[in-house]
Amino acid sequence: MTDLKSAKESRICDTLARLKQEHLLRQEICLESPADSHVILEGKEYLQFASNNYLGLAGNPRLVEAAGKALARYGVGSCGSRLTTGTQTPHRELERALANFKGTEAAVLFNTGYAANSGIIPALCGKGDVIFSDELNHASIIDGCRLSGAITVVYRHNDMKDLEAKVREFHGGNRMVVSDAVFSMDGDVLRLPEMLDIAEKYGLFSMIDEAHSTGVLGKTGHGILEHFGISKFPDLLMGTLSKALGAEGGYVCCSNIMSDFLRNKCRSYIFSTALPAATAAAAREALAIIESEPKRIEKLQDNIAFFLQELGRHGIRTSTASAIFPIIIGDSQKAVDIGKKLKHEGFLISAIRHPSVPQNAARLRITLMATHARPEISQLANALAKNVRK
Ligand SMILES: *Cc1c(COP(=O)(O)O)cnc(C)c1O
């Protein structure tokens, strides 16, 4: 018994030791404040450039009030899956608001973006089907592909020629193309118009993940379709409520038929308790704020342009089309060390390592928020110039 236990434990310990040796062991930090541009960590205040709370809505009083009202009215837990007893009025209202926001017939709410991707993809594709997936797609898409049992054909990052060549080569029952709209570790934008043309030409289902584009891209923050000014829709416009919308949950905007299908076929939708009504109410308030306060999106976009200019002034290389700025360092340990130095100077930023990014592509992943002030952005650019060797 004890031998067995130690053998099991030693395998776990070996894995941990290997991660540590490769500078890939990760530990969480614990914030003592809302996820805003200024956060408290270990009793000390930091300027944060690491949150996905792009519009600064997570601690917004209107969201807190909406959540509080729903909390008082509906209680804490929904205590049922959506198809049994978990659906409450705020879930319905949020789905309607999401469909209106994106301009689709319907929307389906999931508990997280992860649950959406890992549920939707296997609902649409299975054995004998083919999924075409960008090589830099988010892990939740990769896991959805794996769960599906379909053949997954990975195409070169944002390379529509490679996608089309592979679509011509691989045949099957249902075929689907899936991509991040903004790539989460690189900040670049999907070539959506070309992707949709290919999907139409070859009869593929098309799915995009707007986790980092909703509330960020487009003049009024409606996302990638507004960014390109196109009116053609992918079949599935998936996203998360946990980033620019400051709440929690995943969603997909789609046709009524697709919505009926997904509610009946997505295991992550069927076999999981619905989100708390309070969370749904907060997310709906966030959509209302985006619609009524376009200045927030303007401020975020202004901050992005300003930071690019500041980095350029210091000769620091990066490129982005979103609120995500990757500063590629390469070596994992080096990236972590720079992160620590910046923390020492009062900046909280993320050093991202394998497996979130490819081996030897460790990076600082800096994210901007609408609530950052210009002088704070300049301070960060100065600190980076000092700590990142060009
Ligand atoms: C964060 C993220 C998800 C997961 O969304 P959660 O709501 O955090 O589970 C999915 N896709 C992309 C591209 C993401 O960045």
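## Considerations on the overall build of the protein chain
- For the protein chain, the helix and strand inventory stands at 14 helices and 13 strands.
- For a compact globule of 390 residues, the expected C-alpha radius of gyration is about 21 Å, and the protein chain comes in at 21 Å, within 12% of that figure.
- Dimensions of the protein chain along its principal axes, counting C-alpha atoms only, are 55 × 55 × 50 Å.
- Here the protein chain holds 390 residues, and the buried ones make up 52% of them.

## Digging into the site of the ligand
- In the region of the ligand, 14 residues are neighbours, and Gly 113, Asp 209, His 212, Thr 240 and Lys 243 sit closest.
- Residue Gly 113 places a main-chain N or O atom 2.8 Å away from an oxygen atom belonging to the ligand.
- With respect to the ligand, the backbone of Tyr 114 contributes an N or O atom lying 2.9 Å from an oxygen atom.
- In the complex, 87% of the free accessible area of the ligand, which totals 380 Å², lies under the protein chains.
- Here the shell around the ligand gets 3 residues from one element, more than from any other, and that element is helix α4 (residues 113-124).
- When grouped by side-chain class, the residues that make up the shell around the ligand number 2 nonpolar, 9 polar and 3 charged.

## A look at the layout of surface pockets
- Roughly 1,700 Å³ of internal volume is contained in the largest pocket.
- Residue lining of the largest pocket: 48 residues in total, with Arg 26, Ser 350, Ala 351, Ile 352 and Ser 356 positioned closest to the centre.
- Counting only elements with at least two residues in the lining of the largest pocket, the list comes to α5 (139-148), α13 (332-344), β11 (347-348), β12 (350-352) and β13 (362-367).
- No other element matches the 5 residues that α13 contributes to the lining of the largest pocket.
- Looking at the lining of the largest pocket residue by residue, the class counts come to 21 nonpolar, 16 polar and 11 charged.

## Looking at unusual backbone geometry
- Cis rather than trans, the peptide bond between His 354 and Pro 355 has omega equal to 10°.
- Note on placement: Pro 355 falls in the loop between β12 and β13.
- Positive phi values are uncommon outside glycine, yet Glu 42 reaches one of about 50°.
- With respect to the helices and strands, the residue Glu 42 is situated in the loop between β1 (38-41) and β2 (44-48).
- Overall, the relative accessible area of 58% leaves Glu 42 in the exposed class.
- For Asn 360, which is not glycine, the phi torsion reads 60° and is therefore positive.
- In this structure, Asn 360 sits in the loop between β12 and β13.

The rules behind these values
Note on numbering: residues in each chain are counted from 1, in written sequence order. Given that the model is predicted, a residue must reach a pLDDT of at least 70 before its local features are reported, and side-chain atom pairs must reach 80 or more before they are shown or counted; all residues, however, enter totals for whole chains, interfaces and linings. Neither water nor hydrogens contribute to the side-chain values; these are computed over all heavy atoms in the structure. Going along the chain from the N terminus, every DSSP run of H or I of four or more residues is numbered as a helix, and every run of E of two or more is numbered as a strand. Radius of gyration means the value over C-alpha atoms here, while the globule rule gives 2.2 Å times the residue count to the 0.38 power. Summary of the burial criterion: residues with accessible area below 20% of their type's maximum are buried, those above 50% are exposed, and those between are partly exposed, where the area comes from a 1.4 Å probe applied to protein chains only. For this purpose, a residue is taken to be near a molecule or strand whenever a single non-hydrogen atom of the residue falls within 4 Å of it. A 3.5 Å cut-off defines polar contacts: any pair of N or O atoms within that distance qualifies, except that in protein one atom must be a possible hydrogen donor and the other a possible acceptor, and neighbouring residues in sequence count only when both atoms are side-chain atoms. Only the protein chains shown count as cover for residues, and all accessible areas are computed by the Shrake-Rupley method using a 1.4 Å probe. Under the grouping applied here, Gly and all other residues not named as nonpolar or charged are polar, the nonpolar ones being Ala, Val, Leu, Ile, Met, Phe, Trp, Tyr, Cys and Pro and the charged ones Asp, Glu, Lys and Arg. Definitions used for this entry: grid spacing 1 Å over protein atoms alone; cavity, a set of points where a 1.4 Å probe fits but cannot get out; pocket, an open set with protein on both sides within 12 Å along at least 5 of 7 lines; lining residue, one with an atom within 4 Å of a point. Grid points are joined across faces, edges and corners, and a volume is the space filled by probe spheres set on the points.

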